[in-house]
Amino acid sequence: MTPPPARRRRGSSAPERSYPRRGSVRRAQMITTYGVGSLIAVENESFIVAGTDSWNIEEAPVIQEPRLARVLGVRSFRLPPASDDTSKDGVRVRRFPLWHSCPSCGSLQHVRGFNSPPGKNECGDCQEDLVPSRFVMACAHGHIDDFPYWRWAHRGNRAEGATGHCGGEMRLRTSGRTASLRSIVISCTCGIPEVSMEGAFRRTALAGLAVRCEGKRPWLKDAPTEFCSEQPRTLQRGSSAAWLPIVKSALSIPIPPGNDGLADRLAPYRDDLRSLDRSEIPLYLKIQTMRDGVELPADAVLALLDAEQNDGAGGEQGANSEEAYRALRNQEYAHLRSGNPEGEGNQQEQFVCEPPATQSADLAHLGLTGPMLVKRLREVRALKAFSRVEAPDTNAEVHEARLSLADLDWLPAMEVQGEGVFLRVDAERIDSWARNVAVAARVERMRSNHQRQLRERASDPAAAPESPATPRFVLLHTLAHALINEWSLDGGYPAAALRERLYSGETMAGVLIYTATSDSAGSLGGVVAQGEPERLATTLRSALHRAGWCSADPLCIESEAGGAGSVNLGACHACVLLPETSCELNNALLDRALLVGTPEDPSIGFFRDALAH
């Protein structure tokens, strides 16, 4: 069942005032597509989603995921609020960009200069709907502002262009001859020659006009401007680079094992429990049991709270390091390996993971050990922050733009339910294969390119984080992509409906491939069926044979560098690349040659021997 849409409203957060409804989107889109700070087009208008401190969340459901909350330094998560036409609940938006043009008279100016009638966004002279600026400028620190049309048009006369006071009126017209920027022409009645928008997207275009970032944050009400040393760049208003979400997620696993249902029952009482001393908790639980008729045994609850406090994921409250997030992954990996059988008569368990009823010697021959069928899983995805211009790639330093001015104790999030298959690759075989000189050389080429990218994006290049590229990591990542592509053909799922979750490290060598949706049903067993040993072995062989040849070969397999930042080798959209929503690393650090080898050197393929038989 589709969740109710989140309503976007214009104006401040004052609850006593009524605001017009401007449009609606799905709640899930508030995390992945139209979150705080993003730009959204509603009919012929454009808005920016306001900060979470302006949201009315009185009726927004609370989402509990203590492990992820500790990593992100908050107490809980909230579903984005939904509202109807009479409710005050909802998400606020503000008009942005503020420069508009009239399609009739061509006037280009701040929206206040058009003398629009109350409640309308139209030219006061022509009665035509105004068109929001197609261009904005933004910097890598998350600031965003209107495009400096005055300076762009008057760049030949810097004395006038610097102040914007030439006495003339700006005009914008489109020649219609081509779809290029050359056809978008800006003029001024002061008599300067017309100029086109051609060249506005060059990296140094605004630097040449002495335009600097003023540190504006229009999504935050009354936010002071911040000092910013970043050079802004021109962006299309609808560009994906104008808003890049930083989303953190975690699987809901029972801590300790067997207490899955208890954790779910305890969710409504967690805020009260945080304020109580340990000695007061048994009496509190007894009162709640009598009042609500819910089973909350004191010993089991105390054991659960102790286990969550000492589970090693997140450490102290507010910890926000990559180490804490990796500890969370380590814990998930351990539970995926050990499994969690479904309890009799308990249909509320959020994590059910069991080994298949049969085994396959073919899987062991291929190098896979202990596949697990994840028949039920719950994942919480929280919007931590966002960035602009530069994508928040794994391990790369990126400036995180705030969701609010106030330090709130919650983050917007969504919970999804589904199923998946967990696969482990023989770690000893990987270590033996990784000692191959040619394998190490290919991965080192990828690692050095990625490391250079990390240094370029770091404020202190000497302190740049280490690239995660290792033979084990690249192998697991490419294997996950090959299987997702194969399952999309064999299992009926579109590739965009499947996701990967990588577990790579000194003690980890696994991958979870799963599907999850925001309704309560999840999926219907199609992915779990792919994990049955005989079918899995057949599917894996088919995926590997398919990866052995790409329609872009020999250019693809012989590529010296590919992808953004040149961090890929044998990988393109015709073979192993996926929709970005399916990949944890934005399609980076991939090389199918590590799966099947190259025509010149088949020995670098991890599965070469298995495919030869």
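Predicted, not measured: the structure shown is a model, and the values here were computed from it.

## Some details on the overall build of the protein
Along the protein, the regular secondary structure elements total 17 helices and 22 strands. Every one of the 613 residues in the protein was classed for burial, and the buried ones make up 53%. Across the protein, contacts joining residues at least 24 apart in sequence account for 69% of those joining residues at least 6 apart. If you sum the accessible surface of the protein, you get close to 27,400 Å²; carbon and sulfur atoms cover 49% of it.

## Digging into unusual backbone geometry
Residue F96 is joined to P97 through a cis peptide bond whose omega torsion reads 0°. Among the secondary structure elements, P97 is positioned in the loop between β7 (91-95) and β8 (99-101). A cis amide bond links D553 to the next residue, P554, at an omega of 5°. Structurally, P554 can be placed in the loop between α15 (533-547) and α16 (593-596). For V389, which is not glycine, the phi dihedral falls at a positive 70°. Relative to the elements of secondary structure, V389 occurs in the loop between β19 (368-387) and β20 (410-425). At N586, a residue that is not glycine, the phi angle is positive and equals roughly 55°. Topologically, N586 is positioned in the loop between α15 and α16.

## With respect to the sheet that holds strand β11 (residues 135-138)
Within the open sheet, the 3 strands sit side by side as β12-β11-β16. Their pairing is antiparallel. Looking at the sheet topology across the chains shown, the edges are occupied by β12 (144-146) and β16 (233-236). The mean inter-strand angle of the sheet, taken between neighbouring strand axes irrespective of direction, is 40°. Of the pairings in the sheet, the one linking β11 to β12 comprises 3 bridges and is antiparallel in character. Paired with M137 across the strands is D145, a residue of β12.

## Here's the deal with the side chain of R217
As for its placement among the helices and strands, R217 is situated in the loop between β15 (195-196) and β16. What makes R217 buried here is its relative accessible area of 10%. Engagement of the side chain of R217 in a polar contact is seen with the backbone oxygen of P224, the distance being 2.9 Å. Side chain to side chain, R217 and E226 meet in a polar contact 3.1 Å long.

## Description of the nonpolar core
Among the nonpolar cores identified, the biggest contains 65 residues, and L68 and F77 are the most heavily contacted of them. Tallying contributions element by element places β19 first for this core, with 7 residues. Aside from chain neighbours lying at most four places away, what touches L68 is F77, K248, S249, A250, Y325, L328, V380 and A382.

## Some thoughts on the packing of helix α11 (residues 427-434) against helix α13 (residues 471-490)
Contact pair α11 / α13: the axes reach a minimum separation of 10 Å and the direction vectors enclose 115°. Between α11 and α13 lies a crossing of right-handed hand. On the side of α11, the interface is formed by A427, I430, D431, W433 and A434, while α13 contributes P471, R472 and L475. For the contact of α11 with α13, the per-class residue count stands at 6 nonpolar, no polar and 2 charged.

## Some remarks on the pairing of strand β14 (residues 184-188)
Of all 5 residues in β14, 5 are buried; the element is thus mostly enclosed. Residues of β14 alternate between two faces, with I184, I186 and C188 on one and V185 and S187 on the opposite face, all of them buried. Where strand β13 (residues 170-174) and β14 come together, 5 bridges link them in antiparallel fashion. Across the sheet, L172 pairs through a bridge with I186, a residue of β14. Examined bridge by bridge, β14 and β15 share 2 bridges and lie antiparallel to one another. Counted as the bridge partner of I186 is V195 from β15. Taken together, β14 and the strand that follows it, β15, pair antiparallel across an intervening segment of 6 residues, in which G191 is found at a positive phi of about 105°.

## Brief notes about the sheet that holds strand β9 (residues 108-110)
Spatially, the 3 strands line up as an open sheet ordered β9-β8-β10, and their pairing is antiparallel. Two strands lie at the open edges of the sheet, namely β9 and β10 (131-132), each paired on one side alone. Sheet topology note: the β8/β9 ladder contains 3 bridges and is antiparallel. Considered in β9, the bridge of W99 is made with H110.

## So, α13
Taking 1.5 Å per residue as the helical rise, α13 with its 20 residues ought to reach 28 Å, and the 28 Å between its terminal C-alpha atoms agrees with that figure. With 18 of its 20 residues buried, α13 lies for the most part within the structure. After α13 finishes, the residue G492 shows a positive phi value of roughly 90°.

## A closer look at the environment of A574
Following the sequence through the fold, A574 ends up in the loop between α15 and α16. With 21 residues separating them along the chain, A574 and D553 place their C-alpha atoms 9.5 Å apart. For A574, the residues in contact, after removing those within four places along its chain, are C550 and S551.

## Some points on the environment of C190
Summarising the element assignment, C190 is placed in the loop between β14 and β15. We classify C190 as partly exposed; its relative accessible area is 30%. Separated by 21 residues in sequence, C190 and E169 have C-alpha atoms that sit 7.2 Å apart.

## Focus on the pattern of salt bridges
Going through the model one piece at a time under the given rule, you end up with 26 salt bridges. Residue R378 is joined to E65 by a salt bridge in which the shortest nitrogen-to-oxygen separation is 3.3 Å. In this pair, R378 is assigned in strand β19 and E65 in the loop between β5 (62-63) and α2 (66-72), connecting sequence segments 313 residues apart. Its relative accessible area of 7% is what places R378 among the buried residues.

Cut-offs and rules
Residues numbered from 1 in each chain as written. Predicted model: local features only at pLDDT ≥ 70, side-chain atom pairs only at ≥ 80, totals over all residues. Heavy atoms only, no water. Helix = DSSP H or I, 4+ residues; strand = E, 2+ residues; numbered from the N terminus. Buried < 20%, exposed > 50% of the residue type's maximum accessible area, 1.4 Å probe, protein only. Contact = heavy atoms within 4.5 Å. Areas by Shrake-Rupley, 256 points an atom, 1.4 Å probe, with all protein chains shown as cover. Pairing = 2+ DSSP bridges. Axes fitted to C-alpha atoms, helices over the stretch in contact; angles between N-to-C directions. Polar contact = N/O pair within 3.5 Å; in protein donor to acceptor, adjacent residues only side chain to side chain. Core = buried A, V, L, I, M, F, W, Y, C linked by side-chain atoms within 4.5 Å. Left-handed = near helix turned anticlockwise from the far one by under 90°. Nonpolar A, V, L, I, M, F, W, Y, C, P; charged D, E, K, R; others polar. Expected span 1.5 Å × (residues − 1). Salt bridge = Lys/Arg side-chain N within 4 Å of Asp/Glu carboxyl O.

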